[in-house]
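Fold and contact review
Next come the chains, spelled out residue by residue.
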Amino acid sequence: MKLLFSCSLLLFITAACLSGSASSRKLRGISSSYKRFYRERRSFLCIDGSRVIPFEQVNDDYCDCEDGSDEPGTSACPRGRFYCTNLGFRPHYIPSSRVNDGICDCCDASDEYNSHARCQNSCWNLGQKERAYVEGQMRTLDEGLQLKQQLIEEGVLLWREKQAQLRELQQVAEDLQIKLEEHRRRKQEAEQNLKALEAGHTRVRRQNSSESTFRLLDSNNDGSLSVEELQEKLVLVQEEELLLSEEEAVALMGGGRQMDLPMFQQSLWDVLNTEERVKIRGSVDAEDPHLKAADTAAEREASSLKKVEEAYDTISMEISDLRTKLAIDYGPDWEFLFLNSQCYKLSVYEYTYTLCPFNQVTQESAAGTEVSLGSPLAPLPEMASATIARAAVMIMEWRKTLA
C-alpha cells in the first residue's frame, strides 16, 4: 500500500514538472495577441495550418512547423520571430536567429535567457527618453494647434472683411455704372448741341456773298481788283499777320495785275473761304458766345466722363483682384489666408530667396539681379491636423525671426 502511494506521488511530481516545463516553453517569445494559439492542450496546430504536432514539441528547439510558429522562443526555425516584451518601452519582434546568440537585442534581455550574455534591463531608461520625446512632440503639437486655432480665427475675420470689402466695391461699381451712363448721355447731348451750333455758324459765314467781299476789297469802286488793293486789304497769317508782297499779291491773282468779279469768284473767293493762311485785314470774326459756351460744355462733359471711366476701371480692377484672392484655397478654415499678404526671405550663400505665398517666389543674386522662380498659386494640398499644426509652428517661428 505504501509502495503504491509512493509511486503515485512520484508520477504526480513528474507530471507537474513536465507541465511547468511545457508552460515555460509556450510563453517565451509570444505576444499577448498570439497567446490564444498556445493554450496548453494535447496537440498544437501550426498557425499557418500546415500540420498538427504534440504540444510537447512547442519550444523544444526543433522546428516542426514551416512558418516557425512552434518555436517562438528558440532559434530553431529560420523563419521564426521572437517577441520582445520590453516592459516600459516599445515591444518589437526580432528574427529568431538572434535568440541566445550572446547579444542582447531586446532591452529587457529576454532574448538571451539561455546564453552567457549578461545584459541589463534598459527598457525603463529607454522608455523615459521615449516618453520625454513624445511629451515634447505633444507640447509642440499642442502649441501648433493653438496657433492653428489663432490663425483660423484671424482667417475668418480676414475672410469676412474681404467679403465686406468686395460688397462695398461692387456697390461703388454699380453707382459708377449709373454715373457712366449719365455722363455718356450728357456728353453725347453736349456734342450734338455743339455740332448743331457749328453747322449754323458755318451757314451764317457762308451767307456772306462773294459780291460783298469783292466790294470790300475794291477800294476805288472801279469794278476791278488791283495788286495794290490786295496788298492793302489782305494779309498772310502765320505766327503773326504779315503784309502781302507784290509777288504774293500777283500769285493770288493768278499771275495778272487786275481781277474782275467773275475771276474773283472762280479763284480768290475759294482761297479766302477754304485757306486759313490768307484773310482780309482787320476782319476778325466775332466769336459766337453760344458756340463758345457749347464747346466749353462739351469739353467739360468729356473730361468728367473720362474721370468717371478711370474711377470705374480702377474699381473693376480691385474687384477682379479681390475675387482672384478669394478664389484661392486657403485651407478648410481659411487658416492660411494671412499668408496672402506675407513675404519671407531666406539667404543661401550669395542668393536671397523671397517667398510670397500665393503670389511669387524670386531669387536675387548679390549683384542685384532678380529672377522669378514661379508663382505658387496652386491650392494647398490636403493636410492632416497634426501636419497643419507643425506647419503653423514653423511659420510662426519664421515670423518671429523676421520680426
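All of the points below concern the structure found in this document. Since the model is a prediction, treat every value here as computed from it, not as a measurement.

1. Focus: the nonpolar core
Across soluble globular proteins, nonpolar side chains show a tendency to be buried alongside one another. Grouped together as the largest cluster of nonpolar side chains are 21 residues, with contacts concentrated most on I315, I319, Y330, L339 and F358. The set of elements that each furnish at least two residues to this core consists of α2 (123–206) and α8 (289–326). The greatest single-element share of this core, amounting to seven residues, is contributed by α2. Of all hydrophobic cores here, the second largest spans 20 residues; its members include L244, W269, V271 and I280.

2. Quick look at the state of the cysteines
This model, assessed by the stated rule, comprises six disulfides. A sulfur-sulfur separation of 1.9 Å characterises the disulfide bridge that pairs C46 with C65. Between C46 and C65, the disulfide has an S-S torsion of -75 degrees and is therefore left-handed. Taken together, the positions of C46 in the loop between β1 (43–45) and β2 (52–54) and C65 in the loop between β2 and β3 (81–84) put the pair 19 residues apart, joining distant regions of the chain. Each member of the pair, C46 together with C65, is buried.

3. A few points about a nonpolar patch on the surface
A contiguous nonpolar patch, built from Y34, I47 and Y93 and spanning about 230 Å² of accessible area, is present on the exposed surface. In this structure, Y93 sits in strand β4 (residues 92–95).

4. A word on the packing of aromatic side chains
This structure, assessed with the given rule, holds eight aromatic pairs. Here Y330 and F358 contribute two aromatic rings whose centre-to-centre distance is 4.9 Å and whose plane-to-plane angle is 65 degrees, an arrangement assigned as edge-to-face. Highlighted residues: Y330 in the loop between α8 and β10 (344–348) and F358 in the loop between β11 (351–356) and β12 (360–365), separated in sequence by 28 residues. Relative accessible area serves as the criterion here: at 1%, Y330 is assigned to the buried category. The class for F358 is buried, based on a relative accessible area of 8%. Note on Y351 and Y353: the rings are 6.4 Å apart at their centroids and 45 degrees apart in plane angle, and the pair reads as tilted. By relative accessible area, which is 29% here, Y351 ends up partly exposed. Overall, the relative accessible area of 27% leaves Y353 in the partly exposed class. Pairwise contacts between aromatic rings join Y38, F44 and F55 into one cluster. The lysine or arginine in question, R28, covers the ring of Y113, its NZ or CZ lying 3.7 Å from the ring centre. Note that R81 overlies the ring of Y93, its terminal NZ or CZ placed 3.8 Å from the centroid.

5. Quick look at unusual backbone geometry
Positive phi outside glycine occurs at N86, with the angle close to 50 degrees. The phi dihedral of W334 falls on the positive side, at around 60 degrees, and the residue is not glycine. Take W334: it is sitting in the loop between α8 and β10.

6. Regarding the pattern of salt bridges
Under the criterion given, the structure shown has eight salt bridges. With a shortest N-O distance of 3.9 Å, R257 and E228 are connected by a salt bridge. Linking R257 in the loop between α5 (246–252) and β8 (258–259) with E228 in helix α4 (residues 227–233), this pair joins segments that are 29 residues apart in sequence. The exposure class assigned to E228 is partly exposed, which follows from its relative accessible area of 49%. If you follow the salt bridges from partner to partner, you end up with E182, R185 and E189 in one network.

Cut-offs used in this document
All residue numbers refer to position in the chain's written sequence, counted from 1. Only residues with pLDDT of 70 or above have their local features reported here, since the model is predicted, and side-chain atom pairs are shown and tallied only from 80 upward, although totals for entire chains, interfaces and linings are computed over all residues. To get the side-chain values, take all heavy atoms of the structure and skip hydrogens and water. Here, nonpolar core means buried Ala, Val, Leu, Ile, Met, Phe, Trp, Tyr and Cys residues that are tied together by side-chain atoms lying within 4.5 Å of each other. Each residue is placed in one exposure class: buried if its accessible area under a 1.4 Å probe, protein chains only, is under 20% of its type's maximum, exposed if it is over 50%, and partly exposed if it falls in between. Secondary structure elements are taken from DSSP: a helix is a run of H or I of four residues or more, a strand is a run of E of two residues or more, and numbering for both begins at the N terminus. The rule for a disulfide is simple: a pair of cysteine sulfur atoms within 2.5 Å. Nonpolar side chains (Val, Leu, Ile, Met, Phe, Trp, Tyr) within 5 Å and like charges within 9 Å form the patches, drawn only from residues with over 30% relative accessible area and no salt bridge. Reported accessibility uses the Shrake-Rupley method at a 1.4 Å probe radius. Residues are deemed covered only where the shown protein chains occlude them. In what follows, salt bridge is the name for a side-chain nitrogen of Lys or Arg lying within 4 Å of a carboxyl oxygen of Asp or Glu. Only centres within 6.5 Å qualify two rings of Phe, Tyr or Trp (six-membered ring in Trp) as a pair; their planes then separate them into stacked at under 30 degrees, edge-to-face at over 60, and tilted for everything else. Definition used: whenever NZ (Lys) or CZ (Arg) falls within 6 Å of the ring centre and also within 35 degrees of the ring normal, the charge is taken to sit over that ring.

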